[in-house]
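# Descriptive analysis of the structure
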Amino acid sequence: MPLDIDFVRKQFPALSGEWVFMDNAGGSQVLSRVADRVSDYLLTSNVQTGASYEPSQRSTARVRAARQAFSEYVNAKDAGEIVMGASTTMLIRILSEGLMGKLGAGDEIIVTDTDHEANIGPWLKHEARGVKIKVWHCDPETFELDPADLRNLMSERTKLVCVTHASNILGTINPIAEISKIAHDGGAEVCVDGVAYAPHRAIDVQALGCDYYVFSTYKLFGPHFAVMWGKREKLLELDNIYHFFFGKDSVPHKLEPGNINYELAHGSVGAIDYVNELGSQAGAADGRNAIEAGFADIAEHERAITSRLFDFLQSRNSIRIIGRTTDAIEERVATVSFTVGDQNSKSIVDRIDAHKIGIRFGDFYARRLIDNLGLSDRNGVVRVSMVHYNTHDEVDRLIGALEPLI
């Protein structure tokens, strides 16, 4: 069924204003139901979990329910595989520290040059311990990561492959299931940064075959919060980074030092409920089926508005799209980056600001990619990052603002 865009936009109070928000890869707008849940937690159950008195029991149940909701959201085997925290950057650093005992001198970690720095920097710190870091480079002309290159990088000492599910600049959806198989065939684990993918498609960690998957809820219509899934057997092997009396079998709590933010955990569930509701409107039963159906409608709507933008960009000889030029649902998300002739990307965005349209320029913390593509001297790329609440009319408004500039 077509997405009910009127229903969708009514769920986001910020969309009633005069601004068009197309910097969603930096952070989406927040659902009113998410804000309501955060407020309700703080006003009715703001106590520490784990005590015997009733308000604490209520708080404990709410946090437990959040873990269960995210477990269903990513199709985990059980809720104990869900680790929650402040941000993807922090959770990957926690994972990196937790892997200290499994990584030694001579071992290897493979990272890509297309990732956000969150999935590169924490792994580079292991170089000081004698771990070798290898870089899986994308082709500077096609912007593609070739799985054959990954196979060539693998060795018997490779312990971990780190890759993004969707690039926050290129918009490319990487073949995680294939990458996981290559890594596992070589005896390595796989850590996936799903931040730029999570707002656009349903996540199924079992189908992906990876070992760790991390994403941030503030890109997913929620608050500044994040979730990491890990296979239970892998989480059990990680070092305890919390107090000494948390044993290695204390999963997931040994990886949540200082406890999590309870109100944001409870609030974030509102985003899952919302996608569930979209799926129910499409005729799916609640639960996993509704999540998949909701995202199917989201994906088709985003494909259509991406196609509209591509039609304009590809009609201009001055435009170079940085990434795939297809709008195919299985190939890319609605994050579109480009350059304009030899113009500085900042100059384009500065002039769009006057039209009350929020887009952005820069490297978006994927600085290694921008450096390797030779785009740093022009302030990186112009990025238009859309989600399902953006409309055809908003794309036309952006096109009208861009047209005299390019």
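- You'll find the protein chain entered in an unreviewed UniProt entry as Probable aminotransferase, with Fulvimarina pelagi HTCC2506 given as the organism.

### Examining the overall build of the protein chain
- Summing up its helical and strand segments, the protein chain has 14 helices and 13 strands in all.
- The buried share among the 406 residues of the protein chain stands at 57%.
- Partitioning the intrachain contacts of the protein chain with sequence separation of at least 6 by distance along the chain shows that 68% fall at a separation of at least 24.
- Within the structure as shown, the protein chain displays about 15900 Å² of accessible surface, and the carbon and sulfur contribution to it stands at 50%.

### A closer look at the UniProt feature "domain: Aminotransferase class V" (unreviewed entry) in the protein chain
- The feature "domain: Aminotransferase class V" (unreviewed entry), as given by UniProt, occupies residues 20-398 in the numbering adopted here.
- End C-alpha atoms of residues 20-398 are separated by 9 Å, and the span's content is 38% helix alongside 15% strand.

### Considering the state of the cysteines
- Summed over the entire model, instances satisfying the criterion amount to 0 disulfides.
- Looking at the unpaired Cys-138, the closest cysteine sulfur is the one in Cys-162, lying at 17 Å.
- Residue classification places Cys-138 among the buried positions, given a relative accessible area of 7%.
- The thiol of Cys-191 is unpaired, and the distance to the nearest cysteine sulfur, on Cys-162, comes to 5.1 Å.
- Note on Cys-191: relative accessible area 0%, which makes it buried.

### Considering the pattern of salt bridges
- One pass over the full model with this rule turns up 28 salt bridges.
- Asp-23 is the salt-bridge partner of Arg-383, the closest N and O atoms lying 3.3 Å from each other. Highlighted residues: Arg-383 in strand E13 (residues 381-385) and Asp-23 in the loop between strand E1 (20-21) and helix H2 (32-44), separated in sequence by 360 residues.
- Looking at Arg-383, the relative accessible area reads 2%, which means it is buried.
- Residue Arg-62 pairs with Asp-40 through a salt bridge whose shortest N-O separation is 2.4 Å.

### A short note on the sheet that holds strand E12 (residues 360-362)
- With antiparallel pairing, the 4 strands of this open sheet are ordered in space as E9-E10-E13-E12. Here the strands that pair on one side only, and so sit at the sheet edges, are strand E9 (319-321) and E12. Geometrically, the sheet is characterised by an average inter-axis angle of 35° between neighbouring strands, direction not taken into account.
- As judged from the 3 bridges shared by E9 and strand E10 (residues 335-340), these two strands associate in the antiparallel manner. Considered in E10, the bridge of Ile-321 is made with Phe-338.
- Its contacts with the sheet put helix H11 (residues 288-313) on E9, E10 and E13, and the angle it makes with E10 is roughly 10°.

### A short note on a negative patch on the surface
- A surface patch of negative charge is lined by Asp-139, Glu-141, Asp-146 and Asp-149.
- Positionally, Asp-146 belongs in the loop between strand E4 (132-136) and helix H6 (147-153).
- The partly exposed category is assigned to Asp-146, whose relative accessible area is 37%.

### A look at the packing of aromatic side chains
- As enumerated under the stated definition, the model contains 13 aromatic pairs in all.
- Members of the aromatic cluster, each reached through a chain of ring pairs, are Phe-70, Tyr-73, Tyr-213, Phe-215 and Phe-295.
- In this structure, Arg-383 is placed above the aromatic ring of Phe-364, and the distance from its NZ or CZ to the ring centre is 3.7 Å.

### Some words on the environment of Thr-158
- Tracing the sequence through the fold places Thr-158 in strand E5 (residues 158-164).
- In this structure Thr-158 comes out as buried when scored by relative accessible area, which is 0%.
- Along the primary structure Thr-158 and Leu-375 are separated by 217 residues, whereas in three dimensions their C-alpha atoms are 31 Å apart.
- Ignoring anything within four residues of it in the chain, the contact list for Thr-158 reads Glu-108, Ile-110, Leu-153, Gly-186, Gly-187 and Ala-188.
- Side-chain polar atoms of Thr-158 contact the backbone nitrogen of Ser-155, separated by 2.9 Å.

### What about the packing of helix H3 (residues 54-74) against helix H10 (residues 262-281)?
- In the contact formed by H3 and H10, the axes pass within 9 Å of each other and the chain directions differ by 40°. Here H3 lies oblique to H10, going by the angle between them. The way H3 lies across H10 gives a crossing that is left-handed. Between H3, through Ser-59, Arg-62, Val-63, Ala-66, Ala-69, Phe-70, Glu-72 and Tyr-73, and H10, the contact on the second element is made entirely by Tyr-262, Ala-265, His-266, Ser-268, Val-269, Ile-272 and Asn-276.

### Notes on the side chain of Glu-81
- Structurally, the position occupied by Glu-81 is in the loop between H3 and strand E2 (82-85).
- Although Glu-81 is buried, it forms no salt bridge, and the closest oppositely charged side chain is Arg-232 at an N-O distance of 5.6 Å.
- Looking at Glu-81, its side chain comes within polar contact range of the side chain of Trp-229, at 3.0 Å.
- When neighbours within four sequence positions are excluded, Glu-81 is seen to be in contact with Ala-76, Met-228, Trp-229, Gly-230, Lys-231, Arg-232 and Leu-235.

Scoring rules and cut-offs
- Residues numbered from 1 in each chain as written.
- Predicted model: local features only at pLDDT ≥ 70, side-chain atom pairs only at ≥ 80, totals over all residues.
- Heavy atoms only, no water.
- Helix = DSSP H or I, 4+ residues; strand = E, 2+ residues; numbered from the N terminus.
- Buried < 20%, exposed > 50% of the residue type's maximum accessible area, 1.4 Å probe, protein only.
- Contact = heavy atoms within 4.5 Å.
- Areas by Shrake-Rupley, 256 points an atom, 1.4 Å probe, with all protein chains shown as cover.
- UniProt positions renumbered as here; feature names shortened; annotations may be inferred.
- Disulfide = S-S within 2.5 Å.
- Salt bridge = Lys/Arg side-chain N within 4 Å of Asp/Glu carboxyl O.
- Pairing = 2+ DSSP bridges.
- Axes fitted to C-alpha atoms, helices over the stretch in contact; angles between N-to-C directions.
- Patch = residues over 30% accessible without salt bridge, like charges linked within 9 Å, V, L, I, M, F, W, Y side chains within 5 Å.
- Lys, Arg positive; Asp, Glu negative; His and termini not counted.
- Charge placed at Lys NZ, Arg CZ, Asp CG, Glu CD.
- Phe/Tyr/Trp six-rings, centres within 6.5 Å; stacked < 30°, edge-to-face > 60°.
- Lys NZ or Arg CZ within 6 Å of the ring centre and 35° of its normal.
- Polar contact = N/O pair within 3.5 Å; in protein donor to acceptor, adjacent residues only side chain to side chain.
- Parallel < 35°, antiparallel > 145°, perpendicular 65-115°, else oblique.
- Left-handed = near helix turned anticlockwise from the far one by under 90°.

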